[in-house]
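# Structural features, examined
The chain contents come next:
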Amino acid sequence: GESVGLHLPTLSVQEGDNSIINCAYSNSASDYFIWYKQESGKGPQFIIDIRSNMDKRQGQRVTVLLNKTVKHLSLQIAATQPGDSAVYFCAENTGNAGNMLTFGGGTRLMVKP
Amino acid sequence: DSGVTQTPKHLITATGQRVTLRCSPRSGDLSVYWYQQSLDQGLQFLIQYYNGEERAKGNILERFSAQQFPDLHSELNLSSLELGDSALYFCASSVGLAGALKNIQYFGAGTRLSVL
């Protein structure tokens, strides 16, 4: 069953194409950002993170870009596969006393075979 | 498998009741976090514990409380339940606090609470 809101923005891509998921964050004091993937019925799964002293970080098939000027974060997925279908959340951490994350609303990625 | 264990997986109860959700963090993680995910509000941070002590509080209702035990497992207690408390409740754990080099939060599979 559905584990997240039904009114999420949706990105639909063809298998094999590249996907770009965008996120605007709110706090200019945030110094750490994470992308999570959530499949139906599961908990959020860590994909990649980036600190505010970086503009770009690459992982396996994924790249995160950070533009602090406009407070924008993006996740690029290369050669998107059906297994990439999920809801993707960005989260920001302001370096506060704890380590609480503030999550964005999420984007649903649908991969068409 | 993230290594974070949450029980039970599903919980169905009635309004006015009290429930306890349990979380075992990953081996070696000292921090535990609780989040609520509802259809209309996304993922909301509730509370964080580090090595047994409360470290940060988010939008947690007074009817809700949590604690972290000496063995580092944590429990979230929800009382006087209302229909609107129906949601997924996630626990996450991390090695330490903000400022650590790698402080990724790893999430459990969640507990789905249905209040009828």
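This section reports on the structure supplied with the text.

The rules behind these values
- Residues numbered from 1 in each chain as written.
- Chains lettered and ligands numbered in written order.
- Predicted model: local features only at pLDDT ≥ 70, side-chain atom pairs only at ≥ 80, totals over all residues.
- Heavy atoms only, no water.
- Buried < 20%, exposed > 50% of the residue type's maximum accessible area, 1.4 Å probe, protein only.
- Helix = DSSP H or I, 4+ residues; strand = E, 2+ residues; numbered from the N terminus.
- Pairing = 2+ DSSP bridges.
- Axes fitted to C-alpha atoms, helices over the stretch in contact; angles between N-to-C directions.

### Side note on the pairing of strand E8 (residues 86–93) of chain A
All names here are of chain A. Where burial is concerned, most of E8 is hidden: eight out of the eight residues are buried. Bridge analysis of strand E3 (residues 32–38) against E8 gives seven bridges, and the strand direction is antiparallel. Along E8, the bridge assignment pairs Trp-35 with Cys-90. Direction of pairing for E8 relative to strand E10 (residues 107–112): antiparallel, over a ladder of three bridges. In the sheet register, Tyr-88 faces E10, and the bridge partner there is Thr-107. For E8 and strand E9 (residues 102–103), the ladder comprises two bridges, and the chain directions are antiparallel. Across the sheet, residue Glu-92 finds its bridge partner in E9, namely Thr-102.

### Brief notes about the sheet that holds strand E3 (residues 19–24) of chain B
Residue and element names in this part refer to chain B. Here four strands make up an open sheet; going across it, the order is E1-E3-E8-E7 and the pairing antiparallel. Bordering the open sheet on either side are strand E1 (5–7) and strand E7 (64–68), each of which pairs with just one other strand. The sheet shows a mean angle of 15° between the axes of neighbouring strands, direction not considered. Pairing between E3 and strand E8 (residues 74–78): five bridges, direction antiparallel.

### Focus on the pairing of E3 of chain A
All names here are of chain A. For E3, the tally of buried residues reaches seven of seven residues, placing the bulk of the element in the interior. Across the two faces of E3 the burial is the same, with Tyr-32, Ile-34, Tyr-36 and Gln-38 and Phe-33, Trp-35 and Lys-37 all buried. Pairing of E3 with strand E4 (residues 45–51), which is carried by six bridges, proceeds in the antiparallel orientation. Its bridge partner being in E4, Lys-37 is matched across the sheet by Gln-45. Once E3 ends, the chain turns through six residues before running back antiparallel as E4, passing Gly-41 with a positive phi of about 80°.

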